[in-house]
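A look at the structure
So the chains spell out like this:
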Amino acid sequence: MDEEPERAKRWEGGYERTWEVLKEDESGSLKATVEEILFQSKRKRVIERHGQVRLGMMRHLYVVIDCSRSMDDQDLKPNRLTATLKLMEAFVEEYFDQNPISQMGIITTKNKRAEKLTDLAGKN
């Protein structure tokens, strides 16, 4: 019978003091620490998923957002437009994290017309 290599059980090893990472600000809030932990874990996932981020690739992107009356529908809470803008905020942050020298602009559509809301611009 082959012997399996002996593995240490989690309770047999040392313990991690995960609570020591949390630090309160002047007002007693943990929000800044939690945001920093989330940011670090997000960066770690991006690096694991994509390997090294290519910094030399410059992209130009226009995002088109529908601003018609149908975006006032409340099938998404509080309404479609607000949900879209919240997702756009996360998308823009992620886009510039992965493409730091790229540029992005926004075009809105309403009443069968398109209007350039912003020119192409970078993160800075």
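The structure this text deals with has already been given above.
One structure accompanies this document, and this report is about it. (Residues numbered from 1 in each chain as written. Predicted model: local features only at pLDDT ≥ 70, side-chain atom pairs only at ≥ 80, totals over all residues. Heavy atoms only, no water.)

1. Points about the overall build of the protein chain
The helix and strand tally for the protein chain stands at two helices and three strands. Residues classed as buried in the protein chain amount to 14% of the 124 residues present. Put simply, 53% of the contacts in the protein chain that link residues at least 6 apart link residues at least 24 apart. (Helix = DSSP H or I, 4+ residues; strand = E, 2+ residues; numbered from the N terminus. Buried < 20%, exposed > 50% of the residue type's maximum accessible area, 1.4 Å probe, protein only. Contact = heavy atoms within 4.5 Å.)

2. What to know about the sheet that holds strand β1 (residues 60-66)
Pairing in this open sheet of three strands is mixed, and the strands run β1-β2-β3 from one edge to the other. Looking at strand neighbours, the two that pair on one side only are β1 and β3 (113-121), the edges of this open sheet. Each strand of the sheet is rotated relative to its neighbour by a mean of 20 degrees, with strand direction disregarded. One ladder, built from seven bridges, connects β1 with strand β2 (residues 103-110); its direction is parallel. Within β2, the position partnered with Asp66 by the bridge is Thr109. (Pairing = 2+ DSSP bridges. Axes fitted to C-alpha atoms, helices over the stretch in contact; angles between N-to-C directions.)

3. Some points on the pattern of salt bridges
This structure, assessed with the given rule, holds three salt bridges. A salt bridge links Asp73 to Arg80, with the nearest nitrogen and oxygen atoms 3.7 Å apart. Exposure remark for Arg80: the relative accessible area of 26% places this residue in the partly exposed category. With a shortest N-O distance of 2.9 Å, Asp119 and Lys116 are connected by a salt bridge. Salt bridges here are not isolated pairs; linked through shared partners, they connect Asp73, Asp75 and Arg80. (Salt bridge = Lys/Arg side-chain N within 4 Å of Asp/Glu carboxyl O.)

4. What about the packing of aromatic side chains?
Inspection of every chain in the model, using the stated rule, returns two aromatic pairs. With a centroid separation of 5.2 Å and an interplanar angle of 75 degrees, the aromatic rings of Tyr95 and Phe96 are classed as edge-to-face. On the accessibility criterion, Phe96 (8% relative accessible area) is buried. What links up through ring pairs into an aromatic cluster is the set Phe91, Tyr95 and Phe96. (Phe/Tyr/Trp six-rings, centres within 6.5 Å; stacked < 30°, edge-to-face > 60°.)

5. Comments concerning the environment of Thr108
Secondary-structure assignment places Thr108 in strand β2. For the pair Thr108 and Ile65, spaced 43 residues apart in the sequence, the C-alpha separation amounts to 4.8 Å. Dropping the residues within four chain positions of it, Thr108 is found in contact with Ile65, Cys67, Arg113, Ala114, Glu115 and Leu117.

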